[in-house]
Amino acid sequence: MRRGIAATALVAAMALAATACGGDDGGSGDKKSGGHLSGTVTYWDTSNDAEKGTYKELALGFEKKHPDVKVNYVNVPFGEALAKFKNAAGSGGSGAPDVLRTEVAWTQDLANIGYLAPLDGTPALADQSDYLPKALAGAKFKGKTYAVPQVIDTLGLFYNKKMLKDAGVQPPKDWTELKAAAKKIKEKTGKTGLYLRGDDAYWYLPFIYGEGGDLLDTGAKKVTIDDEPGIKAFAAARDLVTSKAAETDATDGWDNMQNAIKNGDVAMTINGPWAIEDTLAGKAFKDKSNLGVVPVPAGSKGQGAPQGGQNLTVYAGSKNLDASYAFAQYMSSPEVQAKTTEKLSLLPTRTSVYSNKTVAANPNVKFFKAAVDKAVERPWIPEGNSLFQAILVQFPGVLTGKTSPEKAANAVGDAYRKLLKGDWK
Amino acid sequence: MAVDTSPAMDPAAGAKGARGRGGRVHKPGTPPPRRIRNALARHWYAWAMVAPVVLVIGLIIGYPLVRGVYLSLTDANEANVERTIGINHIPATYKTVGLDNFRAILKDQVFWDRLSWTVTWTVSCVALTFAIGLGLAVLLNRRFAGRTLYRSLLILPWAVPAFVSVFAWRLLYNEKNGILNKVLHGGGIDAVPWLNDPTMAKVSVIAVNIWLGVPFMLVALLGGLQSIPGELYEAAEMDGASPWQRFRHITLPGLRSVSSTVILLSTIWTFNMFPVIFLLTRGGPGDSTEILVTYAYRLSFVNSPRDFAGASAWGVLILLILMLFAVIYRRSLRKQGEVW
């Protein structure tokens, strides 16, 4: 009930458009030629708390190679970064970073609205052929490349080896096995089998891929989430929660999930390489080898997990494009990628890095590389990131048994048609 | 500059023309610049003082308002408005679509669902906040030991920034690790899904908003209570009026001018109470606690490309609803003989 906030909310509702469409006329005509780089590069990193120390150190390493360039490292929480970047970039450019770490699904969105500099032919993409084709596919939009792949990832099933052993079960290969395993875990240890995030739509994807479906068919411009597989996917996820094989939350899902697995309150979670470092910090994993990772359980049609990852993009309005290109190249260079793998078990996007000894020996990399090779590419369209919103509206209701899978799938399909407009069916 | 100063000039000319009796009849051939110049010369300091306010209001409220109304009649979004981002220049390609946005919104069930919850949320928050605020104000209006201490303690929620309070509440509400459930567990009660069940989430957001809103009501009503002359109560007591009768026939009418204002204000604030809902539940679980403004926010800031036209249309509708409410509310007050 504070007046300032109330007034802000009222004005904001009316004013959002006005502030967001101010143009920026400050061009960057002062491109310096020659190989010597100077100036400042502001880098917005979105890595999580367990990762950011390593990333900061690596980013500042750029200063050693180019003593006249100052790197301004800023850690922006992942959940806020996209909106924050859009606000800064759209309103004239002051305050926007030169280089942004973007989730793969943001790349096309930002390229579509003209905020990114195309990187083909710039030093940033000097050795394009070295990148994994899948990683590079997520960096392209309308025939141009707008990002340098930094890390690639997918989801896997994390499990507490000791708890599964105590319950006498093997890591489950599909959802039916998981249910059976969870039941035994409950009987033997009194703990819940799986923590399933209900507040993030990314966690719905393994279910729909497992049923042989997808959100959209971008080739035929058709919404497919409300077809049979999409409905079955909601039903499968719901079954896990209503049968008590899994627990979930509609808010604070990340924290609750990590607390649960770290403290040994649940035996399994579905998560990606970005969570390895954080999970290992928990008391249940004092012995690091206690953490096991297997592919996400399969559905009725087979196993499938989404391909994710992070890219490095250069802001089109950057005043220091040359240094920004060089910085993006450096942050995805073989030596930096090898270091992030060594310290954080993140997956490189360059084929050459996988032959590096420490990288090749890392069991998590071994596992996740195989998983990434099989992972399902997401629709690389500007609305890619918004697709999650509609699922998220339905997901908690489905998981707690309040919404029927059919109703949820239809609602998401309708929302997609509204979002995509045009000739989408 | 020119745009912003001219509205300030026009009313001046109009007011002068209406007031000055002799100036009523204008001769077409003789324009009034001399009179305006005279008026300006005489009252220049007034205009000089008003100018910054007019300028600032025009800039931060007038312009966005007009722009918002305009955008609500187009199909503008983040991808088709004009902008130059360094090396990229994108021309404007959006066009006017008339009332299409409004038609689409009013046909959409989402709008009516959000509106009905927004109304429920506003009415329950304002009614309960007012009732609790009034009760506490009456209690604190007596003389007793430690009154000042109680008063300052009750103002505390008002002193903490809203987002800090809301985050604190979010920690309390956490189903697995929150203090509320830990306390209930100690009492042998099962964990309550405060923010994870649609109904409980609605109750929870209302509770937090009441907690935030009571201090304002309390202060305003306490001020109102203190302006009611004590003799009225004494006289009523002499006549044998019961406490309830005194409350109904002296306190409530005496508070009317204060309470009608705070109810109007708090209705408008609660209707647009973005931070409580957004920070506590993000509109969830699902969209069960989403009010009109948080939905407009979702359209313009969460979905990509940002839908400026759609969000502006929602904004215009919200404004219209609130204006309609204010007009009806004023009418009903005037009927009761309230001059406001």
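Bear in mind that the values here come from a model prediction, so they are computed numbers and not experimental data. (Residues numbered from 1 in each chain as written. Chains lettered and ligands numbered in written order. Predicted model: local features only at pLDDT ≥ 70, side-chain atom pairs only at ≥ 80, totals over all residues. Heavy atoms only, no water.)

Undergrad: If you had to explain the pattern of salt bridges to someone new, which residues and values would you point to?
TA: Summed over the entire model, instances satisfying the criterion amount to 29 salt bridges over all chains. When the shortest N-O distance is used, the salt bridge between arginine 417 of chain A and aspartate 414 of chain A registers 3.3 Å. Of this pair, arginine 417 of chain A and aspartate 414 of chain A both sit in helix H18 (residues 405-420), three residues apart, roughly one helical turn. Taking relative accessible area as the criterion, arginine 417 of chain A reaches 28% and is therefore assigned partly exposed. Connected through salt bridges with shared partners, the residues Lys86 and Asp109 of chain A together with Glu78 and Arg306 of chain B form a single ionic network. (Salt bridge = Lys/Arg side-chain N within 4 Å of Asp/Glu carboxyl O. Helix = DSSP H or I, 4+ residues; strand = E, 2+ residues; numbered from the N terminus. Buried < 20%, exposed > 50% of the residue type's maximum accessible area, 1.4 Å probe, protein only.)

Undergrad: Any chance you could break down the pairing of strand E6 (residues 148-154) of chain A for me, citing the residues and the numbers?
TA: Residue and element names in this part refer to chain A. In terms of burial, E6 is largely enclosed, as seven of its seven residues are buried. Where E6 and strand E14 (residues 307-314) come together, six bridges link them in antiparallel fashion. Looking across to E14, one finds that aspartate 153 is bridged to glycine 308. (Pairing = 2+ DSSP bridges.)

Undergrad: Any details on the sheet that holds strand E11 (residues 246-247) of chain A? Residues and values, ideally.
TA: Residues and elements named next belong to chain A. Strand order in this open sheet of five strands is E11-E8-E12-E7-E13, and the pairing throughout is mixed. At either margin of the open sheet sits one strand with a lone partner, and together these are E11 and strand E13 (291-295). Bridge count between strand E7 (residues 156-160) and E13: five bridges; the pairing is antiparallel. Of the residues in E13, the one forming a bridge with tyrosine 159 is glycine 292. Packing of helix H11 (residues 253-262) onto the sheet brings it into contact with strand E8 (192-195) and strand E12 (266-271), and relative to E12 it is tilted by some 135°. (Contact = heavy atoms within 4.5 Å. Axes fitted to C-alpha atoms, helices over the stretch in contact; angles between N-to-C directions.)

Undergrad: Would you mind going over the packing of helix H8 (residues 198-226) of chain B against helix H11 (residues 274-281) of chain B in detail, with residue names and values included?
TA: Residues and elements named next belong to chain B. Interhelical geometry of H8 versus H11 gives an angle of 135° and a closest axis separation of 10 Å. Here H11 runs oblique to H8, going by the angle between their axes. As H8 runs across H11, the sense of the crossing is right-handed. For the pair formed by H8 and H11, the contact residues are Ser204, Val205, Val208, Asn209 and Leu212 on the first element and Val276, Ile277, Leu280 and Thr281 on the second. Its residues placed into classes, the contact of H8 with H11 shows six nonpolar, three polar and no charged. (Parallel < 35°, antiparallel > 145°, perpendicular 65-115°, else oblique. Left-handed = near helix turned anticlockwise from the far one by under 90°. Nonpolar A, V, L, I, M, F, W, Y, C, P; charged D, E, K, R; others polar.)

Undergrad: Summarise the nonpolar core; cite the residues concerned and give the values.
TA: Formed by 83 residues in total, the largest nonpolar core has its most connected members in Leu196, Leu215 and Tyr416 of chain A. In this structure, leucine 215 of chain A is in contact with Tyr204, Leu205, Ile208, Val223, Thr224, Ile225, Leu387, Ile391 and Tyr416 of chain A, ignoring residues within four places of it in sequence. The next biggest cluster of nonpolar side chains, apart from the first, holds 40 residues, and it includes Leu115, Val293, Tyr295 and Val316 of chain B. (Core = buried A, V, L, I, M, F, W, Y, C linked by side-chain atoms within 4.5 Å.)

Undergrad: Lay out the UniProt feature "domain: ABC transmembrane type-1" (unreviewed entry) in chain B in plain terms, naming residues and giving numbers.
TA: Under the present numbering, the feature "domain: ABC transmembrane type-1" (unreviewed entry) in UniProt falls on residues 115-329 of chain B. The distance separating the terminal C-alpha atoms of residues 115-329 of chain B is 19 Å; by composition the span is 78% helix and 0% strand. (UniProt positions renumbered as here; feature names shortened; annotations may be inferred.)

Undergrad: Quick rundown of empty space enclosed by the protein? Include the residues and the values.
TA: All names here are of chain A. Scanning the entire structure with this criterion turns up two cavities of 30 Å³ or more. Considering only enclosed or pocket space, the largest cavity measures out at about 50 Å³ in volume. By volume, the second largest cavity amounts to about 40 Å³. Together, Thr154, Leu155, Gln303, Ala305, Ala371, Lys374 and Ala375 line the second largest cavity. Here the lining of the second largest cavity is built from residues that sort into four nonpolar, two polar and one charged. (1 Å grid on protein atoms, 1.4 Å probe; cavity = no way out; pocket = protein on both sides within 12 Å on 5 of 7 lines; lining within 4 Å. Points joined across faces, edges and corners; volume = space filled by probe spheres on them.)

Undergrad: I'd like a description of the packing of aromatic side chains, backed by residues and values.
TA: All names here are of chain A. What the rule picks out here adds up to 36 aromatic pairs over all chains. Ring plane angle 50° and centroid distance 6.5 Å describe the contact between tyrosine 202 and tryptophan 274, whose orientation is recorded as tilted. With tyrosine 202 in the loop between E8 and helix H9 (205-210) and tryptophan 274 in the loop between E12 and helix H12 (276-280), this residue pair connects regions lying 72 residues apart in the sequence. Taking the relative accessible area as the measure of exposure, tryptophan 274 reaches 18% and is therefore buried. By way of ring pairs, the aromatic residues Tyr43, Phe62, Tyr73, Phe327 and Tyr330 are connected into one cluster. Taking the ring centre of tyrosine 55 as reference, the NZ or CZ of arginine 101 above it sits at 4.8 Å. (Phe/Tyr/Trp six-rings, centres within 6.5 Å; stacked < 30°, edge-to-face > 60°. Lys NZ or Arg CZ within 6 Å of the ring centre and 35° of its normal.)

Undergrad: Outline a positive patch on the surface, supporting the account with residue identities and numerical values.
TA: A cluster of basic residues, Arg330, Arg331, Arg334 and Lys335 of chain B, forms a positive patch on the protein surface. Along the chain, lysine 335 of chain B turns up in helix H13 (residues 308-335). (Patch = residues over 30% accessible without salt bridge, like charges linked within 9 Å, V, L, I, M, F, W, Y side chains within 5 Å. Areas by Shrake-Rupley, 256 points an atom, 1.4 Å probe, with all protein chains shown as cover. Lys, Arg positive; Asp, Glu negative; His and termini not counted. Charge placed at Lys NZ, Arg CZ, Asp CG, Glu CD.)

Undergrad: Could you give me a rundown of the sheet that holds strand E3 (residues 99-103) of chain A, with the residues and numbers involved?
TA: Residues and elements named next belong to chain A. The strand order across the open sheet formed by five strands is E2-E1-E3-E14-E6, and the pairing between neighbours is mixed. The open sheet is flanked by strand E2 (69-75) and E6, the only strands paired with a single partner. Between one strand and the next, the sheet's axes are offset by a mean angle of 20°, whatever the strand orientation. With five bridges connecting them, E3 and E14 associate as antiparallel partners. Within E14, the position partnered with leucine 100 by the bridge is threonine 313.

Undergrad: Hey, could you go over helix H14 (residues 334-344) of chain A for me, with residue numbers and the actual values?
TA: If you check which residues of H14 of chain A are buried, you get Val336, Gln337, Ala338, Thr340, Thr341 and Leu344 of chain A. Serine 345 of chain A lies just past H14 of chain A and shows a positive phi near 60°.

Undergrad: Outline the confidence of the model for chain B, supporting the account with residue identities and numerical values.
TA: All names here are of chain B. In the predicted model, chain B carries a mean pLDDT of 84, and the fraction of residues at 70 or more is 89%. Between the elements of chain B, mean pLDDT differs from a low of 40, seen in helix H1 (residues 2-19), to a high of 93, seen in helix H4 (residues 109-140). Among the prediction metrics, the complex's ipTM stands at 0.75, with pTM recorded as 0.80. (pLDDT = per-residue confidence, 0-100.)

Undergrad: So what about the confidence of the model for chain A? Which residues, and what values?
TA: In this model, chain A carries a mean pLDDT of 87, and residues with pLDDT of at least 70 account for 91%. Contacts from residues 1-34 of chain A, a stretch scored under 50 in pLDDT, to residues over four places away or in other chains number 71 contacts.

Undergrad: Can you break down the environment of proline 348 of chain A residue by residue, with the values?
TA: All names here are of chain A. Mapped onto the secondary structure, proline 348 falls in the loop between H14 and helix H15 (357-361). Through-space distance from the C-alpha of proline 348 to that of valine 336 is 9.3 Å; in sequence the pair is 12 residues apart. Residue contacts for proline 348: discarding those within four places in its chain leaves Leu132, Ile152, Gln337, Thr341, Val353, Tyr354 and Val359.

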